[in-house]
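Architecture and fold: a report
The chain contents come next:
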Amino acid sequence: MERTKELVELTGKRSLSVFREIVDFLGGSVNLVYATARTLFSRPFYFRLFLDQCYALGVKSASLVFITAVFTGMVMSLQFGLGLERFGGKLYVPKIVGLSIMRELGPVLTCLMLAARVGSGIAAEIGSMNVTQQVDAIRALGTDPIRKLVIPRVLALLVLTPLLTAMADLIGVAGGMVISSYELNVHPDYYFHNALLSLRTSDFMVGVSKTVFFGFIIAVTGCYYGLKTEGGTQGVGQSTTRSVVTASILITIWDFILTKIFWVFERGMYG
């Protein structure tokens, strides 16, 4: 009985702690977004820092994103091919793979990879600067940390996340073509012809549009936990973990919300 009571108390305390963390994150991230938006359209703008972040966050992530995309397309093509072959539906593989990657898997998996690599990197870098008082030094020199640390990273992800997703979509579809050709005996010309016939411009635009929101989530989450870091190297590790977990959860939640919004909008357009 006493152990059950202790378990209930521990669960209650843990639930309260999680609730407080959620409220702190929501309030802090909203304040950070407001400060970023207010500072964005005023001078100076550190264009060189923006280019550096484009290279560090985008270009260096390309190999990870592309490897994920190509093997996703290959796995989907193989799995759907083996499953549909029982019912004589093997020739529908190009349409299913193309539509799934363009609308859903390409954007989500790309941004989850970026949340793991980029989000953790942002939180670790800014967190290390915070615990070593480099952020305070930036303020002492008369520069706004938001302008120098947050804005270049946010803009870099807003620009490069859709570009990485667009390239990942093409590579994923191409990976599916390779497996369809060698394992399912589907001719590459037939594969691309059917994949293109089944896709509309809106399918591509919906997937890419989602990544603008996802990139913003990754940047704001990483910067928020980085600026909030306390407690030395242990605090940096905790902030990094929280950044990745929070960004990944928010991406999956907002993926459903955005999918529903776009679905309602497209249903109204196409009847």
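Residues numbered from 1 in each chain as written. Predicted model: local features only at pLDDT ≥ 70, side-chain atom pairs only at ≥ 80, totals over all residues. Heavy atoms only, no water.

**What to know about the packing of helix H3 (residues 62-85) against helix H6 (residues 145-183)**
Here is the rule: Axis lines are fitted to C-alpha atoms, over the contacting stretch for helices. Their N-to-C directions set the angle, which ranges from 0 to 180 degrees. Where helices and strands are cited, they refer to DSSP runs of H or I of at least four residues and of E of at least two residues respectively, numbered from the N terminus. In a left-handed crossing the near helix is turned counterclockwise from the far helix by less than a right angle, and in a right-handed crossing that turn is clockwise. Throughout, a residue-residue contact means that at least one pair of heavy atoms, one from each residue, lies within 4.5 Å. Each residue gets one label: Ala, Val, Leu, Ile, Met, Phe, Trp, Tyr, Cys and Pro are nonpolar, Asp, Glu, Lys and Arg are charged, and the others, such as Gly, are polar.
Here H3 crosses H6 at 40°, and the two axes come no closer than 7 Å. Viewed along their axes, H3 and H6 form a crossing whose handedness is right-handed. Across the interface between the two elements, Ala62, Val65, Phe66, Ala69, Val70, Gly73, Met74, Ser77 and Leu78 from H3 touch Leu164, Met167, Ala168, Ile171, Gly172, Gly175, Gly176, Ile179, Ser180 and Glu183 from H6. Of the residues assigned to the contact of H3 with H6, the class counts are 12 nonpolar, 6 polar and 1 charged.

**What about the side chain of Thr221?**
The cut-off we apply is this: A 1.4 Å probe rolled over the protein chains alone gives each residue an accessible area, and that area as a share of the maximum for its type sets the label: buried under 20%, exposed over 50%, partly exposed in between.
Mapped onto the elements, Thr221 comes out in helix H8 (residues 201-227). Look at Thr221 and you get buried, because its relative accessible area is 1%.

**A word on the environment of Arg103**
Among the structural elements, Arg103 can be located in helix H4 (residues 93-131). Excluding residues that lie within four positions of it along the chain, Arg103 makes contacts with Ser202, Asp203, Val206, Gly207, Lys210 and Glu266.

**What about a nonpolar patch on the surface?**
The line we're drawing: Patches here: salt-bridge-free residues with over 30% relative accessible area, like charges joined within 9 Å, nonpolar side chains (Val, Leu, Ile, Met, Phe, Trp, Tyr) joined within 5 Å. Only the protein chains shown count as cover for residues, and the accessible areas themselves come from Shrake-Rupley with a 1.4 Å probe. Should a side-chain nitrogen of Lys or Arg be within 4 Å of a carboxyl oxygen of Asp or Glu, the pair is scored as a salt bridge.
Among the surface-exposed residues, Val245, Ile249, Ile253 and Trp254 lie close enough to one another that they form a single nonpolar patch of about 350 Å² accessible area. One can find Val245 in helix H9 (residues 232-270). Exposure remark for Val245: the relative accessible area of 44% places this residue in the partly exposed category.

**Quick look at the nonpolar core**
What counts is decided by this rule: We call a set of buried Ala, Val, Leu, Ile, Met, Phe, Trp, Tyr and Cys residues a nonpolar core when their side-chain atoms join them within 4.5 Å.
Counting 42 residues, the largest nonpolar core has Leu32, Val118, Ile122, Leu157 and Ile218 as its most contacted members. Those elements that place two or more of their residues in this core are helix H1 (2-40), helix H2 (47-58), H3, H4, helix H5 (134-140), H6, H8 and H9. The greatest single-element share of this core, amounting to 11 residues, is contributed by H6. Residues contacting Leu157, with those up to four places away along its chain left out, are Leu57, Val118, Ile122, Pro162, Gly215, Ile218 and Ala219. Ranked by size, the runner-up nonpolar core spans 11 residues in total, among them Val97, Met102, Met177 and Leu184.

**Examining the pattern of salt bridges**
Pairing between side chains of opposite charge can happen when the charged atoms of each approach one another. In total, this model carries 6 salt bridges according to the counting rule given. Note that Asp52 is salt-bridged to Arg48, the shortest N-O span being 3.5 Å. Highlighted residues: Asp52 and Arg48, both in helix H2, separated by 4 residues, approximately one helical turn. By relative accessible area, Arg48 is classed as exposed at 63%. Where Arg139 meets Asp136, a salt bridge forms, and the shortest distance between an N and an O atom there is 3.1 Å. With a gap of 3 residues between them, Arg139 and Asp136 both fall in helix H5, about one helical turn apart. Under the relative-accessibility criterion, Asp136 is labelled partly exposed at 40%.

**Description of H6**
Just so we agree on the cut-off: Expected helix span is computed as 1.5 Å times (number of residues minus one). The angle between axes fitted to the seven-residue stretch ending at a residue and the seven-residue stretch beginning at it gives the bend at that residue. Polar contact is the term for a pair of N or O atoms within 3.5 Å; when the atoms are in protein, one must be able to donate a hydrogen and the other to accept it, and sequence-neighboring residues count only if both atoms are side-chain atoms.
In a regular helix each residue adds 1.5 Å, so 39 residues correspond to 57 Å; H6 covers 54 Å between its end C-alpha atoms and thus fits that length. Along H6, the helix axis deviates most sharply at Ile151, where the bend reaches about 35°; the proline Pro152 sits within four residues downstream. The N-cap residue of H6 is Asp144: its side-chain oxygen and the backbone nitrogen of Ile146 are 3.1 Å apart. One or two steps after H6, the chain reaches Asn185, where phi turns positive at roughly 60°.

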